[in-house]
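Single-letter residue listing:
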Amino acid sequence: MKIVYSDVLVIGGGLSGLRAAVASSKRGHSTVVISLVPAKRSHSAAAQGGMQASLAAASASRGDNEDVHFSDTIKGSDWGADQDVARMFANTAPKAIRELATWGVPWSRIKAGEREVVVNAKKVTITEEKQAEGLITSRNFGGTKKWRTCFTADGTGHTMLYAMDNKAIELGIDIHERKEALALIHSDGICNGAVVRDLITGELTAYVAKATVVATGGYGRLYKISTNAIICEGMGAAIALETGVTPLGNMEAVQFHPTAIVPAGILTTEGCRGDGGLLLDKDHYRFMPDYEPDKKELASRDVVSRRMTEHIRKGKGVPSPYGDHLWLDIRLLGKEHIDKNLREVKEICQYFLGIDPVTDLIPVQPTQHYSMGGVRTKPTGETPGLKGLFSVGEASCWDMHGFNRLGGNSVAETVVAGMIVGEYIADYCDDNSVDIKTSIVNDFIEREQAKIEKLCARDSGENVYDLKETMQNIMMDKVGIFRTEEDLVAAVSELTELHQRAKNIAIKTKTRSSNPELVEAMRVPRMIKIALCTAMGAQARKESRGAHAREDYPERNDKEWLKRTLAYWKNEDDPTPTLEYEDLDIMRMEMPPGSRGYGKDLTIHHPDTEKRVAEVEKLKEANPDVNRHELSELLNPIDLPERLRGLNERVGIGYE
Amino acid sequence: MSQSNGTAQKGRTLKFHILRFDPQLKGDKPRMETFEIEEQDSMTIFIGLNEIRKKYDASLQFDFVCRAGICGSCGMVINGRPDLACRTLTNTFPDGEITLLPLPAFELIGDLSVDTGKFMRNMSERMENWIHEEPDAEPRKLTVLEEKMDPDVATEIYELDRCIECGCCVSACGTARMRKDFLGAVGFMHVARFEMDPRDKRTDEDWYDLIGDDDGVFGCMSLMGCEDNCPKDLPHQNRIAYLRRKMVSAGT
Amino acid sequence: MASTAEGMKSLLEDRVVKSKWPARLDLAQSLSGLGLGLFMWTHLILVSSILFGKDAMLAITHVMEASFLTPDEAGGYTLIPALTAVGVFGLFIVHACLAMRKFPSDWKAHKTFRSQMAMMNHSDTNGWYTQVVTGFIMFFLGSVHLYIMATQADKIGPQLSADRMWTYGMWPLYLILLFAVEMHGAIGMYRLAIKWGVFDGKDPRATRKRLKVLKTLVTVFFLSLGLASLAAYVKIGIENVENNRVGERYVAGQEG
């Protein structure tokens, strides 16, 4: 039996995993990262548009601060987020971006003087101040009050990931590539690492650690068409689920991005619309102002995606062999702007569509994009069910996004959560040791080895690719942008059946070393489990909140549904997951539920809401002299690791 | 309007000629295998290879991650040219014949899959691809304003930071093929990127230590395979020439 | 103690300070190539004076022998071309040695490079191999020519050079050499421009395209010039045999 020991095992080499690894490594804990692919190839690289942080240096972002960022995030989440976590996040984001600036990310900077931008289809002149020249600039994104999204042209995620991986290399962190975690090793409520398969040699190794971190990204590939990289199959969530003792949170919260190209499903950044791009229908008519007179194309993603779908249903879509689509028009931004700030978009259009967005319209349709749900964690990043098991980034349900994530808040979450949770991981390692018995570790390895042998021994059975495709179609057709009871009931029953069939997969290639079919056969049954958690969560949730839109329950129902879905797979032989719920306590909310300011407001309010609103008002009146930091402290006291505390400086106003 | 959406050539038969070899399997020998599939609208090599795997041979090995031309996983030799397979449309081959080989100059994992990751990690360690602050610099406080940077300089750094480490430049380089320790264009591009970054305090002498020899910039014979095959159109020729001039003046 | 510390220091410096030689050698290779390239182009232009008649060629020969310094301005110092040949020979050897460092080091490397060429069919890669082959050819044939020039510099002239071509059967050597030199030289000059980025300007890609066109034009021009000149010498050589004038020195104005 081969065992690799370390203090921290990070599963996943994307931004959040690497940032957590950097944190624990800097605190002196030996850290090993395992990754399916070379770390720099992780899906984090695909984040084009930017990272939200309230630096407030650019003229259109003046007046921005942590409070506004927090409030936008909560509205975006449709009040589904954990407000403690969102506050921790908003306060730390400026620090995270400034840290990355010292690590080499070439953030686009402010140039003093006048420049022309496109706002609401009109050219507008913006003047940047001399004192801000050279500071990090920001662009407009959906669902934000201020221009808050910092960027490097449209390669933000790429430059962040490269800087982060290089930092990890500088620190000498071991990154083991082409390794897949098959199961978490745990006993008595404590997690101590994972059974890991080498994707080249096929060898199984136990990676034993004090703290284990799931940072494997989202589960977008449950859907047939997704903007996600093909490795985003929710395997981190699956191995956490399979422990039986720790839940996945809000798996039904799945975001659809308004502008992925048709048919490839590749994302064109929200920056296209943030910079002034428009959505047009088959008559080249700009329809969004009719639905969302205020935010227009720049309402939150869930809202824009639904409006597009509504408009298509009215027969206004452009017919194509891949279904009706709409047009994204960025021609008005001009060649110079597109060449400089939207070049990846231009390349994608050239290579995958054979068009030039400077002169042509881009065919787009809403496409699966982001997983708000994931491994449920506490604000420290630790799971409620297993000590020593942490989760960060898209893989987690740390829950700063609730039921809808704002554009630019995902890469921001990766590095901010990595920073914060990384410190808590290091704290955990300071206080704990590995006490697990070798025999238990051995049992876990043998169990996984036995599964592989059983799979290879089966000569006839289900075809893994067919099962996968069936699952992806069910999710696409029945657990999509608009959901109904009828579809969801069907989805759950079909997926339940699929889950049984998946126990009988047979593969043709029996090679134990590098073998893509074997890998697929080991993943697909787990993907089906995740799909079941998603579909069942969606069926049970009889309301519409954020990205979870029920046609039969169009209202947001705070009264009954202001709670987080927790999905457990308690016994291996259970046919379906078990759903439990966790209430969100309005009486502790810094920002009690209200209207988002976009989309239809059909909220059924909770009785506590009124109480809390009054309480907040009273608190404000009772403390007329406090500044905004002190007020936030009164309303929502949060605990951040020592080294991440402190007010953030802004140009011209200092630490106000 | 010129909305081509990939010119429709539906129904055409594509012939994929693929090098098959699994070095993990004892006794396996390299061979070419041909698969025929029907072309679909907007079909890329990514779609084609997945279809072959599903329909004909589930053991076929290849690497894709983002399938959008941004992660650099799927470099392979496509009809003689190293390129990204995910964004190569099949309709760009008039005769429908597509020959695929794994990228040379990298360790072969199997079929079309090569270990670029190991190569790139070594390269990053060798070139120390990270910002080097002054040795005695105090870590900058995260609460204060970030250090200012000329906006044009930031843009220029990003231009060079766009490298996705796909390895096409190394495979396209005759020098790198002949000399195992030759740094290759990817390494030079990173050096050029950090050299122009005002946050990196390394001096010309430091850079000379890294690339001032025949495994470094003086080993480059200007064959321009990198320049002509870079999927991101990075300015390899111009930047290597710049480094060469800089290193000669540092070294003489 | 002090000496130990000194010793340690030098040991450390040995390890830390990187040799400057690679930089010098790289520059030397390029400069020697540049010198040889410019020399060869000049050389061919001078030699091609035969196309304007024997008198033109003789006049050039005399200028090159600095005959304007002699009392009668007729003959010249043949030591000058002889020494030039020796000098060029030196530069040639230096360049060859420097360039050989880049050759495939063994058969396996050579095979790898050939397979790379076969796979890519990439013009600049193929061009380099052309340079290796032509360089190899020049190493032998060029040495012969340079040796003759160094030892028999007095035998340069419209008639005697023509005799060397025809009567002494050197024309096939010069024919091969012509192709080798012009191809090697033009590719080399192009590569120098690319390698050092000297003409890159604002749009290096456009520059490179233009340089490639220029490279072809220059090659064609000098090959044509060379072939025509070679033909002219061969023609004179044949005439010399027919007229029984082999070995006679041409006198200015003789056929004017």
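What comes next concerns the included structure. The structure presented is a predicted model; accordingly, all values stated were derived computationally and were not measured.

What counts, and where the lines are drawn
Residues numbered from 1 in each chain as written. Chains lettered and ligands numbered in written order. Predicted model: local features only at pLDDT ≥ 70, side-chain atom pairs only at ≥ 80, totals over all residues. Heavy atoms only, no water. Pairing = 2+ DSSP bridges. Helix = DSSP H or I, 4+ residues; strand = E, 2+ residues; numbered from the N terminus. Axes fitted to C-alpha atoms, helices over the stretch in contact; angles between N-to-C directions. Salt bridge = Lys/Arg side-chain N within 4 Å of Asp/Glu carboxyl O. Buried < 20%, exposed > 50% of the residue type's maximum accessible area, 1.4 Å probe, protein only. Contact = heavy atoms within 4.5 Å. Patch = residues over 30% accessible without salt bridge, like charges linked within 9 Å, V, L, I, M, F, W, Y side chains within 5 Å. Areas by Shrake-Rupley, 256 points an atom, 1.4 Å probe, with all protein chains shown as cover. Lys, Arg positive; Asp, Glu negative; His and termini not counted. Charge placed at Lys NZ, Arg CZ, Asp CG, Glu CD. Core = buried A, V, L, I, M, F, W, Y, C linked by side-chain atoms within 4.5 Å. Polar contact = N/O pair within 3.5 Å; in protein donor to acceptor, adjacent residues only side chain to side chain.

Notes on the sheet that holds strand β3 (residues 75–78) of chain B
Residues and elements named next belong to chain B.
Part 1: Taken together, the five strands give an open sheet; going across it, the order is β2-β1-β5-β3-β4, and neighbouring strands pair in mixed fashion. Because the sheet does not close on itself, it has two edges, and the strands there are β2 (31–38) and β4 (81–84). Across this sheet, the average inter-strand angle for adjacent strands is 35°, counted without regard to direction.
Part 2: Sheet topology note: the strand β1 (residues 13–20)/strand β5 (residues 97–101) ladder contains four bridges and is parallel.

Notes on the pattern of salt bridges
Residue and element names in this part refer to chain A.
Part 1: The tally for this structure, following the rule as stated, stands at 98 salt bridges over all chains.
Part 2: Note that Arg-148 and Asp-72 form a salt bridge whose closest N and O atoms lie 2.7 Å from each other. In this pair, Arg-148 sits in the loop between β5 (122–128) and β6 (149–150) while Asp-72 sits in helix α2 (residues 66–76), placing the two residues 76 residues apart along the sequence. Accessibility classification places Arg-148 together with Asp-72 in one group, the buried group.
Part 3: Note that Glu-252 and Arg-541 form a salt bridge whose closest N and O atoms lie 2.8 Å from each other. On the criterion of sequence distance, the pair formed by Glu-252 in the loop between β11 (248–249) and β12 (254–261) and Arg-541 in the loop between α15 (516–540) and β20 (549–550) is long-range, its members being 289 residues apart.

Digging into the arrangement of the chains
Part 1: The protein chains that touch form two pairs of chains, and the pair with the most contacts between them is chains A and B.
Part 2: As for chain C relative to chain A, no contact occurs, and the smallest C-alpha gap between them is 16 Å.

Considerations on a nonpolar patch on the surface
All names here are of chain C.
Part 1: A contiguous nonpolar surface patch, about 800 Å² in accessible area, is contributed by Val-63, Met-64, Phe-68, Leu-69, Tyr-77, Leu-79, Ile-80 and Leu-83.
Part 2: Of all the elements in the fold, those that place two or more residues in the nonpolar patch are α3 (54–64) and α4 (79–100).
Part 3: No other element matches the three residues that α4 contributes to the nonpolar patch.
Part 4: Along the chain, the position of Tyr-77 falls in the loop between α3 and α4.
Part 5: With relative accessibility at 39%, the residue Tyr-77 sits in the partly exposed group.

Description of unusual backbone geometry
Part 1: Along the chain, Val262(A) connects to Pro263(A) via a cis peptide bond; the corresponding omega equals 5°.
Part 2: Position of Pro263(A) relative to the elements: it lies in the loop between β12 and α6 (271–274).
Part 3: Look at Asp111(B): it is not a glycine, yet its phi comes out positive at around 50°.
Part 4: Within the chain, Asp233(B) stands out as a residue other than glycine whose phi angle is a positive 50°.
Part 5: Here Asp233(B) is to be found in the loop between α8 (225–229) and α9 (236–251).
Part 6: Taking the relative accessible area as the measure of exposure, Asp233(B) reaches 48% and is therefore partly exposed.

What to know about the environment of Glu205(B)
Residues and elements named next belong to chain B.
Part 1: With respect to the element layout, Glu-205 can be found in helix α7 (residues 204–211).
Part 2: Relative accessible area serves as the criterion here: at 46%, Glu-205 is assigned to the partly exposed category.
Part 3: Spatially, the C-alpha atom of Glu-205 lies 8.2 Å from that of Gly-251, the residues being 46 residues apart in sequence.

Section: a negative patch on the surface
Part 1: Judged by side-chain charge, Glu128(B), Glu205(B), Asp206(B) and Asp209(B) come together as a negatively charged surface patch.
Part 2: For Asp206(B), a relative accessible area of 32% gives the class partly exposed.

A short note on the sheet that holds strand β18 (residues 396–397) of chain A
Residue and element names in this part refer to chain A.
Part 1: What the five strands build is an open sheet, ordered β18-β16-β11-β21-β22; its pairing is mixed. The open sheet is flanked by β18 and β22 (578–583), the only strands paired with a single partner.
Part 2: Two elements, β11 and strand β21 (residues 563–568), share two bridges in a ladder whose sense is antiparallel. Bridge pairing in β21 links Gly-249 to Leu-566.

Side note on the nonpolar core
Part 1: One finds Leu222(A), Met471(A), Leu495(A) and Ile530(A) to be the most contacted residues of the largest nonpolar core, which totals 76 residues.
Part 2: Among the elements that line this core, the one with the most residues is α15(A), at 13 residues.
Part 3: Contact partners of Leu495(A), with chain neighbours within four places excluded, come to Met471(A), Ile474(A), Met475(A), Ile528(A), Ala531(A), Leu532(A) and Ala535(A).
Part 4: The next biggest cluster of nonpolar side chains, apart from the first, holds 56 residues, and it includes Ile175(A), Val392(A), Val415(A) and Leu142(B).

Examining the side chain of Ser59(B)
Part 1: Turning to its location among the elements, Ser59(B) is positioned in the loop between α1 (45–55) and β3.
Part 2: Engagement of the side chain of Ser59(B) in a polar contact is seen with the side chain of Arg20(B), the distance being 3.2 Å.
Part 3: Beyond its immediate sequence surroundings of up to four residues, Ser59(B) is in contact with Thr509(A), Pro516(A), Arg20(B) and Asp111(B).

All quantities given are derived from atomic positions and should not be read as evidence of function.
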